[in-house]
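The residues making up each chain are set out below.
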Amino acid sequence: MKSRLPKSGGLLFNPPSTLSKRATSRRYTAPSSPTTSAPSPPKKRLWLRLTIVTATAAGIGAYVRSQQGSESTTLNPVTFTKYRLVAREPVSSNGSIFTLKPPKPDGNREVYEDAWKTGVWSVMFKQPQLQIGRDYTPLPPISLNDQDEQEGCLRFFIRKDPFGEVSRYLHSLDVGSAIEVRGPRIECEITSDTRQILFIAGGTGIAPALQAGHTLLRRTDADHKPRLHILWANRRRDDCLGACNDSSAIDEAQQRSWFSRLFGSSKPGSPPPVGPSQDPAVTSLMVRELEALKARYPGQVTVDYFVDEESSFIEKKSITRFTDSASSHGPPGGKMILVSGPEGFISYMAGPKLWAQGMELQGPLNGVIKELNLKDWAVWKL
């Protein structure tokens with residue numbers, strides 16, 4: 001997710017000194033006469049003025065406190081809530097999963113549930129020294145019986161960006177440190193009629209992909225079995241260590257079948273593709289998250305991995321392999337393509353987003369997806 005910062009400097013709130021100057025500049029001056037001094041105000045008027053001054057001071061104090069960060073124990077989109085960093089697990093050489101615990105679980109679980117039902121959502125992390133913030137996408141809960149879930153914890157996949165002020169700040173914190181967050185902010189609604197999603201993710205864009213899968217697939221019932229296909233691009237193999245492409249496995253199985261029909265069943269075929277490693281020591285945490293999602297919804301989730309350093313990239317056929325299948329064999333209903341990742345990645349796949357009047361807009365569809373001219377597919381850039 002992109003930083004939500006105003007171009008004028010990115011301050012999250014006004015310094016309290018500015019508010020003090022504004023408050024003290026509003027001084028009452030009694031009317032004067034060149035010949036006679038003003039009479040003393042009656043007691044009722046004096047009491048009224050004291051009441052107004054007190055109420056004004058209280059209002060200013062409340063405003064300053066809300067701008068500087070609230071002591072609220074429930075996540076909300078207006079004020080910052082102090083969570084505590086309770087765990088940090090490395091995913092790769094430069095990325096980790098951060099687990100944050102709220103002051104109290106009561107109330108927060110209801111906030112999360114409303115957001116999960118809606119679609120893809122994020123929260124803003126504050127960098128207190130520079131007074132800037134950045135949006136990060138929570139990972140879905142692993143299990144409803146998980147202790148972290150019961151305590152209202154949120155998990156985030158955060159990569160350390162050498163040029164990112166907020167990510168460098170977060171990676172410098174020790175376990176036990178306080179982190180101020182506010183939200184949720186709905187990034188994309190997944191409507192109730194959506195039955196198929198193609199998610200094109202770059203890097204940490206896999207977190208919104210897992211979110212979309214959590215929202216879509218939990219709607220599974222006897223009559224509707226929605227499908228999710230993820231194309232995940234990474235720069236290095238250690239980001240997705242132990243992964244196996246589902247589409248490649250299908251292609252190889254089809255090739256073996258064709259080979260057997262042509263030359264006879266006695267001809268030995270190529271060995272079956274190797275699945276993801278079950279050894280946690282050689283499997284990325286994010287790959288394990290994806291495998292858990294596939295196990296929870298068998299036959300409804302497929303994932304293909306692409307690695308830049310191995311010259312493996314998302315091509316047009318990577319997209320049309322799923323869209324063609326979805327159009328001809330997939331369940332009826334709405335179809336969506338979601339794109340998430342760095343700005344350059346989103347621009348290449350679907351065209352850049354635009355800023356207008358201080359708001360981030362979708363902008364026109366361009367890039368690879370426009371060239372494919374896919375009909376009946378709604379496209380959303382995250």
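Keep in mind that what you see is a predicted model, and the values were worked out from it rather than measured.

Reading the values: rules and limits
Residues numbered from 1 in each chain as written. Predicted model: local features only at pLDDT ≥ 70, side-chain atom pairs only at ≥ 80, totals over all residues. Heavy atoms only, no water. Salt bridge = Lys/Arg side-chain N within 4 Å of Asp/Glu carboxyl O. Helix = DSSP H or I, 4+ residues; strand = E, 2+ residues; numbered from the N terminus. Buried < 20%, exposed > 50% of the residue type's maximum accessible area, 1.4 Å probe, protein only. Expected span 1.5 Å × (residues − 1). Polar contact = N/O pair within 3.5 Å; in protein donor to acceptor, adjacent residues only side chain to side chain. Pairing = 2+ DSSP bridges. Axes fitted to C-alpha atoms, helices over the stretch in contact; angles between N-to-C directions. Parallel < 35°, antiparallel > 145°, perpendicular 65-115°, else oblique. Contact = heavy atoms within 4.5 Å. Nonpolar A, V, L, I, M, F, W, Y, C, P; charged D, E, K, R; others polar. Core = buried A, V, L, I, M, F, W, Y, C linked by side-chain atoms within 4.5 Å. Left-handed = near helix turned anticlockwise from the far one by under 90°.

**A closer look at the pattern of salt bridges**
Should the charged atoms of two oppositely charged side chains come close, the side chains can pair.
Then, number 1: Under the counting rule described, the total for this entry stands at 14 salt bridges.
Then, number 2: A salt bridge links Glu-113 to Arg-218, with the nearest nitrogen and oxygen atoms 2.9 Å apart. One end of the pair, Glu-113, is in helix α3 (residues 108-118); the other, Arg-218, is in the loop between α6 (206-217) and β9 (227-234), with 105 residues separating them in the sequence.
Then, number 3: When its relative accessible area of 27% is taken as the criterion, Glu-113 is described as partly exposed.
Then, number 4: Assessed through its relative accessible area of 35%, Arg-218 is described here as partly exposed.
Then, number 5: Bridged by salt links that share partners, the residues Asp-135, Arg-185 and Glu-187 form one connected network.

**Considerations on helix α8 (residues 285-296)**
Then, number 1: In a regular helix each residue adds 1.5 Å, so 12 residues correspond to 16 Å; α8 covers 17 Å between its end C-alpha atoms and thus fits that length.
Then, number 2: Residues Leu-285, Met-286, Val-287, Glu-289, Leu-290, Leu-293 and Lys-294 constitute the buried set of α8.
Then, number 3: For α8, the capping residue at the N-terminal end is Ser-284, with a side-chain oxygen 3.2 Å from the backbone nitrogen of Met-286.

**Describing the pairing of strand β3 (residues 119-127)**
Then, number 1: With nine of nine residues buried, β3 is to be regarded as a mostly interior element.
Then, number 2: Relative to strand β4 (residues 132-136), β3 runs antiparallel, the two being bridged by five bridges. Paired with Met-124 across the strands is Asp-135, a residue of β4.
Then, number 3: The hairpin formed by β3 and β4 contains four residues between the paired strands, and Gln-131 there has a positive phi angle of roughly 55°.

**A look at the packing of α3 against α6**
For any two helices packed against each other, one specifies the crossing angle of their axes together with the interaxial distance.
Then, number 1: Contact geometry for α3 and α6: axes closest at 8 Å, N-to-C directions at 85°. Judged on the interaxial angle alone, α6 and α3 are roughly perpendicular. Contacts from Trp-116, Lys-117 and Thr-118 of α3 reach α6 at Gln-211, His-214 and Thr-215.
Then, number 2: Tallied by class, residues from the contact of α3 with α6 come to one nonpolar, four polar and one charged.

**Brief notes about α6**
Then, number 1: The end-to-end C-alpha separation of α6 is 16 Å, in line with the 16 Å expected for 12 residues at 1.5 Å each.
Then, number 2: Extensive coverage of α6 is indicated by the burial of 12 of its 12 residues.
Then, number 3: Buried within α6 we find Ile-206, Ala-207, Pro-208, Ala-209, Leu-210, Gln-211, Ala-212, Gly-213, His-214, Thr-215, Leu-216 and Leu-217.

**Regarding the nonpolar core**
Then, number 1: Formed by 34 residues in total, the largest nonpolar core has its most connected members in Ile-197, Phe-199, Ile-230, Trp-232 and Met-286.
Then, number 2: Going through the elements one at a time, β8 (194-202), α6, β9, α8, β10 (301-307) and β11 (334-340) are the ones with two or more residues in this core.
Then, number 3: The element best represented in this core is α6, accounting for seven residues.
Then, number 4: Here Met-286 is in contact with Val-91, Ile-97, Leu-139, Phe-157, Ile-206, Leu-210 and Trp-232, once residues within four sequence places are set aside.
Then, number 5: If you look at the next biggest cluster of nonpolar residues, it comprises 23 residues, including Phe-156, Tyr-169, Leu-173 and Ile-179.

**Some words on the sheet that holds β10**
Then, number 1: Sheet architecture is open: five strands sit in the order β10-β9-β8-β11-β14, paired in parallel fashion. This sheet does not close on itself; its edge strands, each paired only once, are β10 and β14 (378-381). Across the sheet, the axes of successive neighbouring strands diverge by a mean angle of 15°, strand direction being ignored.
Then, number 2: Across the sheet, α8 touches β9 and β10, and the angle it forms with β10 is around 160°.

**Quick word on the sheet that holds strand β1 (residues 81-90)**
Then, number 1: Taken in spatial order, the seven strands line up as β4-β3-β7-β1-β2-β6-β5 in an open sheet, and their pairing is antiparallel. Each of the sheet's edge strands pairs with one partner strand only, and the pair in question is β4 and β5 (138-139).
Then, number 2: Sitting on the sheet, helix α5 (residues 165-172) is in contact with β1, β2 (95-101), β3, β4, β6 (154-159) and β7 (178-189), with an inclination near 80° to β4.
Then, number 3: Against the sheet, α6 engages β3, β5 and β6, with an angle of about 140° to β3.

**Some details on the pairing of β1**
Then, number 1: Both β1 and β7 contribute to a ladder of four bridges, which runs antiparallel. Pairing of Lys-82 across the sheet is with Glu-180, part of β7.
Then, number 2: In sequence, β1 turns back onto β2 through a hairpin of four residues.

**Some remarks on the packing of α6 against α8**
Then, number 1: Running from N to C, α6 and α8 point in directions that differ by 15°, and their axes come no closer than 11 Å. The angle between the axes of α6 and α8 places the two elements in the roughly parallel class. Seen along the crossing, α6 lies across α8 with a hand that is left-handed. Across from Ile-206, Leu-210 and Leu-217 in α6, the residues of α8 making contact are Met-286, Glu-289, Leu-290 and Leu-293.
Then, number 2: Residue composition of the contact of α6 with α8, by class: six nonpolar, no polar and one charged.

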